[in-house]
Structures are given as C-alpha cells and as structure tokens.
Amino acid sequence: MAAEFLRVEKLTKRFGNNTVVHGVDFAFAKGEFISLLGPSGCGKTTILRMIAGFETPTSGSIEVEGQDITHLKPNQRQLGMVFQAYALFPNLNVGDNIGFGLKIAGMGREERRARTDEMLRLIGLPGFEKRFPYEMSGGQQQRVALARAIAPRPRMLLLDEPLSALDAKIRVSLREEIRAIQLDLGITTVFVTHDQEEALSISDRIVVMNAGHIEQLGAPHEVYNKPATRFVATFVGTLNTIEASVASAANHQVTIDGQTVALPSLPSGAVDGSAISLTLRPEVLSVGNRPGNDIVLAGTVADVTFLGSVIRLRVALGQNTLSLDTFNDQRTAPPTRGEPVTISLASKDLLILGE
Amino acid sequence: MKPSRFWPWFTLLLGASYFIIPLIATFEFSLRMRRGYYSFDAYLSVFSDPRFQATFGYSVVIGIFAIIVGVLIVVPAVYFVRLRLPWLRPFVEFLTLLPLIIPAIVLVYGYIRLYNSSSLIPFTGSALGTDVLLVFAYVTLALPYMYRAVDTGMRTIDVQTLTEAAQIMGANSATIIARVILPNVLVAVLSGAFLTFAIVIGEFTIASLLNRPAFGPYLQNIGANRAYEPAALAIISFIITWGAMGMINLLARFAPRTSARTD
Ligand SMILES: Nc1ncnc2c1ncn2[C@@H]1O[C@H](COP(=O)(O)OP(=O)(O)OP(=O)(O)O)[C@@H](O)[C@H]1O
Ligand SMILES: [Mg+2]
C-alpha cells in the first residue's frame, strides 16, 4: 500500500444520545476513488461532512497528507465538494460559478479566465460561461458543480450522492464521466452513494457501511465475490438463500426440498436434522446439468422475466425460490411458468457468510 | 354552460369602490382650488411651498438611512438564525412582530425617557443625535416588514447548501453574505426597503414627538390649516406609496430562478 493520503481514525459522531458513526477507521492512498456505500441513514453523509468540516466529530481524527484537519474550519481544508442538489450560485453565471473559488484564493482575472476555460473543456461544456444555472439541464449543472469544485485544485474531492437528483440515463453517463475526469486528474475522491451498482462500477475501493460502522472495505470484486458478512452479501448484489436440513453431518449431506446433495463442508456444530441456510449468487446457477457443477437440483419455473439479452428465472424448490439469469438463446423458446427445470451449481461457489 | 361571471365581478367592484370612491372624491376636491374650474393649483401651491421640499427631502434622507441600517441588521440576523439557530426562529419571528403590537407612542416615550439630554446616552441632546434616534425608531417600525421580506427571500434559496458550497471553496462568513446570500435575496431586500420607505414618508407620531422637521408632521400641519392642499397632499402621498408597492411587484420578476432539474 502506497503512503496514506487520507486517514480516518476511531471516528465517532453522536447527535444527542444517537450515535450515528461508531469508531470508523480507514485509510486510502493518493489518487484512489473511494465509495462510501450503505443504506439510507447509515451515516455516509455524516462521515463525508466530518471530512469536509461541516460536522465536528464527537471523537476520533481525520488526517490528510499527514496533516490533522479534524478541527480545521471547512474553508481552511482545501477540499472540493459536489452536492446532491448541485448548489450552484443562482446569481452567478457558469464562468463566475467555476471562478468563485479561484477569486476567493485571490487569482487574477486573466488567470481565472484561462482556468475556467480549461475546466469547461474538461467537462465538455466549452462556451457555456455566460449561461445561468437555470438555463441548463440538471446533468449540465452537476458538471459545472464538478468543475467548480476542482477548479481551485483541491487536495481531495468529496461527492455526496451527486447523481441521485438525475434521471437514470444521465446518471449512468455522468458517473462514467466523473470517473474519467478523476482518473485524468488523479485526484483522491470520496463518493457517497446508496446505489451498489454505482459504487461497484466506478470505485477503486468500497467502504460498505451499515448502522454507523464498516461492514467491509475492499475492491468492488472483493466486496461482491467475497462478502465478509451477510449484510454485505445482501446489500451488494442479489443473494439467493436456500433453507436446507442436515441429512448426515458425517458425510456433509443436506436435504433440499427432499433432494439430498453432498457439500464440501458444513458449518461446525451442524448435527443431523438441524436446519442450515445456504447462500449463493444468481450467476453461479445454470439451467441444466453443466459439466463441473456437482450439485444438481430439480425444481419448477415459478416466474419468467424477459429482459432482452437476458432471461431472469425464478425457480421454486419447495418453499425456496431461487433467482437466476440465463442468456437469451434465439434458437430455443424461453422456459414457461410451471415447467419442470433442472438447475446446477458448483458447491465451491456457495458463499459461507459470517453474521 | 359557462358559469355566470356576474357575481364575482359584482363583489370585486363593490369591494374596490370602497377604496376608490373616497379616492376619486379626494382627487376631485383637490382640483377645485380655483373657483368654477378644475385646476392643479393646489398641487402647484404644495410643490412651491419650501417647507414641502425641506420636509420631504428630510424624510427621504432619514428613510434611506433607515433602510441601510435595517438591511445591515436584518440580513445577517435572518441568515445566522436560519443557518445556526433554527430553533430560535419562532422567537425571533415573535420579536419582530412587537412593533406592530406596541403603539409608536409607547416606543417614542420610552426613547425620550431613556435617551433624554440628562441621561447617560443623551441622543436627544443634539439635532444629529435625535436624527440618529429617529432612524433607529424607523428601523424598529419597519422591522416586521423587513424581516418578513428577507425571510421569504431566504426561503427561496437553499441557504445552508449554498453556504457550505462557498465555505469549502475557502469563503468566510462576510464573503458569503456579501457575494452569495445578499445578491440572491436582493429583490426581497429591495421590497423590504420600499415598504420601509413608504412607512417613513408618512410617519407622524415619532417625528412629531422627537420634534424633527419630517414630512409627516408637515402633512398634519397643512391638514389642520388649509382646505385644498391637504387633499392634493393625500393624493401625492398615495401615489408615492403606490409607486413603492408597484416597484416591489416589478422587482418580483427578477427574483432568483429555480434551477432544480433532473435531466
Ligand atoms: N444534524 C443532525 N442532527 C441529528 N441527527 C442527525 C443529523 N444529521 C444526521 N442525523 C442522523 O444521523 C443518521 C445518519 O445520517 P446520514 O445523513 O449520515 O445518513 P446517510 O447514510 O447519508 O443516509 P442517506 O442515504 O439517506 O443520505 C440518520 O439517522 C440521521 O437522522
Ligand atoms: Mg446522505
């Protein structure tokens, strides 16, 4: 791991007797794109606002480039921030909005103009400097807000759900644009979102949060493929759960809807007849008995959703319903509801989850 | 079938005539100074009166100072209450209503007791001191209007987020108020200013008891001693007040426009 650029230690925040952030620790390297991901109310915004200086931590510390900024005022931290509601100054045109921080920093008019032009080219809106915020679409306004935040060359960029006020289509294109600009400038970025797809698609690393603490910290593929807890597994991506009962603890056999299958291992403490639950991602399931899959189960198609290139099936195995996607094969008709179906998976793809 | 438009119009006209008939009568009377003709003689007589010019000029100057002081007090106060002490808002709102409840005469007697020439702060000891006192009295009188105008203006912008956006870019509170908050509530501030002006121009009680040569006492004096001029002055005051109100309406068009969009 390269030298630490942002370090948060034992960060805690209480509002009254309500502790919303519980001793959070993390550290990131320069240039990383970090997402704080978690459900509503888990304290993501509160952490970001403590980094920005808008909230004072109850305890703990925040360091940037080795400097303790925990008690600095927001205007002394040299950070850039983009807000959910754009927050452009309504009385200023685009050029003056982008130049605002530069003017505060005492930059001269010519230099400011040059920097503003450079920023407008960066966000793909050259020639927009005379427009006012109300004359632009939401996506354009948010790009201007991004340009305004990075124009003064902040040490770090903070984004609080910058895409959630936008329509779905722009949300996707703008997040790619944000990532491209971030990579281009190499600016360390903390991005807050409750959208797992957003976090997975643009982050170097993700901090998955729940109820004020960190559940897991890792690269997108680590968080998705090796969720540390059941919460992470269910919050990031879709998770299937199969209720099974132990048929023979000695032989690692379990019964699922009357069908007995052997597993590589069982949780310690499993005895014959006890109930266990197995968890797995939809994509490890295949329709039919595919080579290499050692668990084969017979079920019934409970539901079929045609999504174009992909067909999403829900397969009933007794009281369990599993979700899986198959590619649309143009030569065969999709399965129909009520039809019997065989599904298979490799037992090594089962997720073993800690609580 | 179209619903009848008769009754709504009838009610409106009935209500309007309640205000308009006396106004027309006053206007008609103001034109009758010269026997047998309609003329603007009463207006000429008013405008050529040096006391009219002096008192009107005096009140305009006092009004301008009252506006400046009012803005300097109210804008930061509303801003900080909204930003840092939102729980204080109902209390502040009540406080700013007090000038409407407490009669001006009570206010001015309080001033005279507190600031008379033998007191610790003898504002009334000099003409300038009394002018200052008069300005403060008018700031107080106009407070309910100024406060409400500015508060409404700040409701249309997201004060907290705009403040934070400016702060993170390095701005301090003074810069934020001057460059971000004030420009965005300017229209509201100006409408508060015109209301203040309308109040100051016609105010009688305080100016008279502080014995200052203001327009209000002059109006009263003319009203008691002349026949046609008071009618002309009433019409003039009315036009000034309505001019101020018209400006407020006109300004509303320049209020900051919302830019909340999802596309
Ligand atoms: N100023 C405040 N005073 C009291 N409680 C607060 C304050 N700000 C936030 N909270 C509480 O702290 C908790 C975490 O809030 P926070 O805004 O950090 O959540 P979040 O993860 O950003 O959620 P969302 O996805 O909804 O934005 C919430 O329960 C919220 O009610
Ligand atoms: Mg939030």
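All values derive from a computational prediction rather than experimental measurement.

1. Topic: the sheet that holds strand 4 (residues 59-64) of chain A
Residue and element names in this part refer to chain A. Taken in spatial order, the 4 strands line up as 2-1-4-5 in an open sheet, and their pairing is antiparallel. This sheet does not close on itself; its edge strands, each paired only once, are strand 2 (18-29) and strand 5 (67-68). Here strand 4 runs beside strand 5; their pairing, made up of 2 bridges, is antiparallel. Across the sheet, Glu-63 pairs through a bridge with Asp-68, a residue of strand 5.

2. Describing the nonpolar core
Core analysis: the biggest nonpolar cluster contains 76 residues, and Leu-6, Ile-47, Phe-89 and Leu-158 of chain A together with Met-154 of chain B have the highest contact counts within it. Examining the composition of this core, we find that 9 residues originate from one element, helix 8 (residues 173-202) of chain B, more than from any other. In contact with Phe-89 of chain A, not counting residues within four places along its chain, are Asn-97, Phe-100, Pro-133 and Arg-148 of chain A together with Leu-162, Ala-165, Ala-166, Met-169 and Val-180 of chain B. One finds Ile-98, Met-119, Phe-128 and Ala-151 of chain A within the second-largest nonpolar core, a separate group that totals 30 residues.

3. Thoughts on the domain arrangement of chain A
Frequently, the measure chosen for interface size is the accessible area removed from exposure when the parts meet. All names here are of chain A. We note that the domain assignment places domain 1 (4-234) and domain 2 (240-349) within chain A. With 5 residues of domain 1 at the contact, the number on the domain 2 side is 5 residues. Taking both partners together, domain 1 and domain 2 bury about 370 Å²; carbon and sulfur atoms supply 24% of that area. Put simply, domain 1 and domain 2 have 0 salt bridges between them. At the boundary of domain 1 with domain 2, the tally comes to 3 residue pairs in polar contact (both at pLDDT 80 or more). Of the residues assigned to the side of domain 1 that touches domain 2, the class counts are 4 nonpolar, no polar and 1 charged.

4. Section: the UniProt feature "domain: ABC transporter" (unreviewed entry) in chain A
Under the local residue numbering, the UniProt record ascribes the feature "domain: ABC transporter" (unreviewed entry) to residues 6-236 of chain A. Across residues 6-236 of chain A, helical content stands at 36% and strand content at 27%; the span's end C-alpha atoms are separated by 25 Å.

5. What about the UniProt feature "transmembrane region" (unreviewed entry) in chain B?
Cross-referencing UniProt, the feature "transmembrane region" (unreviewed entry) maps to residues 7-27, 56-79, 91-112, 132-150, 185-210 and 230-252 of chain B in the present numbering. As annotated, residues 56-79 of chain B has a helix share of 100% and a strand share of 0%, and its two end C-alpha atoms lie 34 Å apart.

6. Some details on the sheet that holds strand 13 (residues 259-262) of chain A
All names here are of chain A. Strand order in this open sheet of 4 strands is 13-12-11-14, and the pairing throughout is antiparallel. The open sheet has two free edges, formed respectively by strand 13 and strand 14 (275-280), since each of these has just one partner strand. Sheet twist, expressed as the mean angle between neighbouring strand axes with direction ignored, is 45°. Relative to strand 12 (residues 253-256), strand 11 (residues 240-248) runs antiparallel, the two sharing 3 bridges. Within strand 12, the residue paired with Val-246 across the bridge is Val-254.

7. Considering the site of ligand 1
Residues and elements named next belong to chain A. Ligand 1 sits among Phe-15, Val-20, Pro-39, Ser-40, Gly-41, Cys-42, Gly-43, Lys-44, Thr-45, Thr-46 and Glu-161. The contact in question runs from an oxygen atom of ligand 1 to an N or O atom on the side chain of Thr-45, over 2.5 Å. A distance of 3.3 Å separates an oxygen atom of ligand 1 from a polar atom in the side chain of Glu-161. When ligand 1 sits alone it has 630 Å² of accessible area, and the protein chains cover 59% of it. Taken together, the residues of the shell around ligand 1 break down into 4 nonpolar, 5 polar and 2 charged.

8. Re the UniProt feature "domain: ABC transmembrane type-1" (unreviewed entry) in chain B
The feature "domain: ABC transmembrane type-1" (unreviewed entry), as given by UniProt, occupies residues 56-252 of chain B in the numbering adopted here. A distance of 28 Å separates the end C-alpha atoms of residues 56-252 of chain B, which is 83% helix and 0% strand.

9. Examining the interface of chain B and chain A
Contact with chain B, which involves 24 residues of that partner, is made by 31 residues of chain A. Between chain B and chain A, roughly 2,500 Å² of surface is buried when both sides are summed, and carbon and sulfur atoms account for 61% of that area. The three residues of chain B that bury the most area against chain A are Ile-168, Met-169 and Arg-261 of chain B, which together make up 29% of that side's buried surface. For the pair chain B and chain A, the interface holds 1 salt bridge. Between Arg-49 of chain A and Glu-164 of chain B there is a salt bridge, with the nearest N and O atoms lying 2.7 Å from each other. Where chain B meets chain A, there are 4 residue pairs in polar contact (both at pLDDT 80 or more). Among the elements of the structure, helix 7 (159-168) and helix 8 of chain B are those that each provide at least two residues to the side of chain B that touches chain A. If one sorts the elements of the side of chain B that touches chain A by residue count, helix 7 of chain B sits on top with 8 residues. Considered class by class, the residues forming the side of chain B that touches chain A number 9 nonpolar, 10 polar and 5 charged.

10. Regarding helix 5 (residues 168-185) of chain A
All names here are of chain A. An ideal rise of 1.5 Å per residue puts 26 Å on 18 residues; helix 5 measures up with 26 Å between its terminal C-alpha atoms. Considered for burial, the residues of helix 5 that qualify are Leu-174, Arg-175, Ile-178, Arg-179, Ile-181 and Gln-182. An end-on view of helix 5 places all buried positions within 165° of arc, on one side of the element. Along helix 5, exposed side chains directed more than 90 degrees from the buried face belong to Lys-169, Leu-183 and Asp-184. Structurally, helix 5 contributes buried residues whose contacts are with strand 3 (33-37), helix 3 (109-122), helix 4 (138-150), strand 8 (188-193) and helix 6 (196-202).

11. Some details on a nonpolar patch on the surface
Residues and elements named next belong to chain B. Residues Phe-94, Leu-100, Ile-101, Ile-102, Ile-105, Val-106, Tyr-109, Tyr-145 and Leu-209 make up a contiguous nonpolar surface patch of roughly 820 Å² in combined accessible area. Of all the secondary-structure elements, those providing two or more residues to the nonpolar patch are helix 4 (89-101) and helix 5 (104-115). Position of Tyr-145 relative to the elements: it lies in helix 6 (residues 127-155).

12. Side note on the packing of helix 3 (residues 50-84) of chain B against helix 7 of chain B
Residues and elements named next belong to chain B. Packing of helix 3 against helix 7 brings their axes to within 9 Å, and their N-to-C directions diverge by 95°. One finds that helix 3 runs roughly perpendicular with respect to helix 7. Across the interface between the two elements, Tyr-79, Arg-82 and Leu-83 from helix 3 touch Val-159, Gln-160 and Thr-163 from helix 7. Residue classes in the contact of helix 3 with helix 7 are distributed as 3 nonpolar, 2 polar and 1 charged.

Cut-offs used in this document
- Residues numbered from 1 in each chain as written.
- Chains lettered and ligands numbered in written order.
- Predicted model: local features only at pLDDT ≥ 70, side-chain atom pairs only at ≥ 80, totals over all residues.
- Heavy atoms only, no water.
- Pairing = 2+ DSSP bridges.
- Helix = DSSP H or I, 4+ residues; strand = E, 2+ residues; numbered from the N terminus.
- Core = buried A, V, L, I, M, F, W, Y, C linked by side-chain atoms within 4.5 Å.
- Buried < 20%, exposed > 50% of the residue type's maximum accessible area, 1.4 Å probe, protein only.
- Contact = heavy atoms within 4.5 Å.
- Domains from an automatic or database assignment.
- Buried area = accessible area lost by both parts, 1.4 Å probe.
- Salt bridge = Lys/Arg side-chain N within 4 Å of Asp/Glu carboxyl O.
- Polar contact = N/O pair within 3.5 Å; in protein donor to acceptor, adjacent residues only side chain to side chain.
- Nonpolar A, V, L, I, M, F, W, Y, C, P; charged D, E, K, R; others polar.
- UniProt positions renumbered as here; feature names shortened; annotations may be inferred.
- Axes fitted to C-alpha atoms, helices over the stretch in contact; angles between N-to-C directions.
- Near = heavy atom within 4 Å.
- Areas by Shrake-Rupley, 256 points an atom, 1.4 Å probe, with all protein chains shown as cover.
- Expected span 1.5 Å × (residues − 1).
- Arc of directions from axis to C-beta.
- Patch = residues over 30% accessible without salt bridge, like charges linked within 9 Å, V, L, I, M, F, W, Y side chains within 5 Å.
- Parallel < 35°, antiparallel > 145°, perpendicular 65-115°, else oblique.

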